[in-house]
Amino acid sequence: MRSGNANYARSNAKSYSKDANSHDGFRPIVQDGQDIFIMKSYRNLYGKLYSMKNLRLAYWKARKGKGTKWYVKEFESDLEKNLLQLQKELLSITYEPKPLKQFIIKDPKTRVISASNFRDRVVHHALCNIIEPIFEKTFIHDSYANRKNKGTHAALNRFDQFKRKVSHNGKLLPSAKDNNMVYGYVLKADIKHYFDSVDHEIMMRTISRKIQDEKVLWLTEKILDNHHYQTSGKGMPIGNLTSQFFANVYLNELDYFIKHELKAKYYIRYVDDFVILHKSKEALELYKAQINEFLKTIKLELHMQKSKVIPLHKGVNLLGFRIFYKYKLPKKSNIRRIEHRIKTFIGMHGKGIMNKEEILERLKGWDAYAAHGDTYKLRKRILRKVLKVLQTKPH
């Protein structure tokens, strides 16, 4: 175990030099059409991080929606003692995260999800409570994942705005059938093995441009290093709150390149999936090549088989929907997946494991998601089917 004295962070802090390609740590703000480069760094944050006020807030955020879980009940059975213990470890620089627990899901792609111990989730929230507002100010408007007042619905609405502007200067077409009158193209891009490829040194260098508190940087690095990928110094676990936040910090470099270097007007990113819309197919093909070259500077690359320029009239797969000019529908794989889940829930209901109310509550989340598309008839059909089956069951 590393030394626990309070000077550890200062004496062992790495030096993260600024990248020549990143304006020497300055970030552009657009004002009256001009790029103005400014930089503000933050120090003396660690005391706020380990304060009991922040740790209690972090606990409530980590607990949200999970109050019935055994590990939450175990932690809060002696809440004050556990929070004080965390504070003591953070204050003395002796905090060590517990090993991650891994499990595999298919949704529909096979993914390895890594779950942190609950006490570590409290620490993740404590860290993000302090540094996320600092970075939020630097994020572009059209980054939509894991941000307040953003999300899937906002991203889909933004895409609808962009497709109308690119194809018909913001006007709707008179008929859903006149696809020959839909103009423009979209670059639908995907970063290859993104979470496994994130480079820890680049991440820390990026964070240290804004955060210059050695102890906050120590804790950040401690959390990053808790993920043991096959390549040392690479990767972040899917599922951690910090991974979701760090993903936006890391790809903020890409956002600025696309918006300020390429001057792409119609750009949307959701984690590692992004789209750019344009009237010209040739312009998007050039963007694609330039973006792939830029990604190499942060040790990433496009997934070339999944990154394609598509005519808007053919429809685009985005965030689980197949989007056409006048309407959008859930992908067929998503419909099959919810039907499979419902079948599983009904089977559990028949065995007395789930009651009717629990099934309808689970269905409510999918219904809210599907409502982002033109799915009224589909949602009603699925609900009627579920209610009809449940009425014939004994539980």
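Presented here is an overview of the structure given in this document. Source: prediction; values computed, not measured. Just so you know, the residues in each chain are numbered from 1, in the order the chain's sequence is written. Reporting of local features is limited, given that this is a predicted model, to residues whose pLDDT is at least 70; pairs of side-chain atoms are given and counted only at 80 or more, and all residues count toward the totals for whole chains, interfaces and linings. Processing note: side-chain calculations cover all non-hydrogen atoms of the structure and skip hydrogens and water entirely.

1. Concerning the sheet that holds strand E11 (residues 328-330)
Right, so step 1: Strands sit in the order E9-E10-E11 across an open sheet of three strands; the sheet is antiparallel. Looking at strand neighbours, the two that pair on one side only are strand E9 (316-318) and E11, the edges of this open sheet. Direction aside, neighbouring strands of the sheet carry axes that sit 30° apart on average.
Right, so step 2: At least two DSSP bridges between two strands are needed for those strands to be called paired. Strands here are runs of E lasting at least two residues and helices are runs of H or I lasting at least four, both read from the DSSP assignment and numbered beginning at the N terminus. Strand direction decides the pairing type here: E9 and strand E10 (residues 321-323), joined by three bridges, are antiparallel. Across the sheet, the residue bridging to Leu318 is Phe321, located in E10. A fitted line through C-alpha atoms serves as each axis, taken over the contacting stretch for helices, and the angle formed by two N-to-C directions is quoted from 0 to 180°.

2. Considering the packing of aromatic side chains
Right, so step 1: Classification of ring pairs uses Phe, Tyr and Trp, with its six-membered ring standing for Trp, and accepts pairs whose centres are within 6.5 Å; under 30 degrees between planes counts as stacked, over 60 as edge-to-face, and the remaining range as tilted. What the rule picks out here adds up to 16 aromatic pairs.
Right, so step 2: Plain terms: the ring middles of Tyr71 and Phe118 are 6.1 Å apart, the flat faces sit at 40° to each other, and that makes the pair tilted. One end of the pair, Tyr71, is in helix H4 (residues 70-76); the other, Phe118, is in helix H6 (residues 118-136), with 47 residues separating them in the sequence.
Right, so step 3: Given the relative accessible area of 19%, Tyr71 is considered buried.
Right, so step 4: Between Tyr267 and Phe274 the ring centres are 6.0 Å apart and the planes differ by 65°, which places this aromatic pair in the edge-to-face class.
Right, so step 5: The buried label applies to any residue whose accessible area, calculated with a 1.4 Å probe on protein chains only, is under 20% of its type's maximum; exposed applies above 50%, and partly exposed to all values in between. On the accessibility criterion, Phe274 (2% relative accessible area) is buried.
Right, so step 6: Here a set of aromatic residues connected by ring pairs shows up, and it is made of Tyr59, Trp60, Trp70, Tyr71, Phe75 and Phe118.
Right, so step 7: One residue, Lys163, lies across the ring of Tyr325, its end atom 5.9 Å from the ring centre. By definition here, charges over rings are those cases where NZ of Lys or CZ of Arg is within 6 Å of the ring centre and within 35 degrees of the ring normal.

3. Remarks on the pairing of strand E5 (residues 185-190)
Right, so step 1: Within E5, five of the six residues are buried, which leaves it mostly tucked inside the rest of the structure.
Right, so step 2: Note that E5 and strand E8 (residues 308-311) share four bridges and pair antiparallel. Bridge assignment links Val186 to a residue of E8, and that residue is Ile310.

4. Structural notes on the side chain of His125
Right, so step 1: Along the chain, the position of His125 falls in helix H6.
Right, so step 2: Classification of His125 by relative accessible area gives buried; the value is 16%.
Right, so step 3: We call two residues in contact whenever any of their non-hydrogen atoms come within 4.5 Å of each other. Contacts of His125, omitting those with residues within four sequence positions, involve Ala58, Lys61, Ala62 and Leu241.

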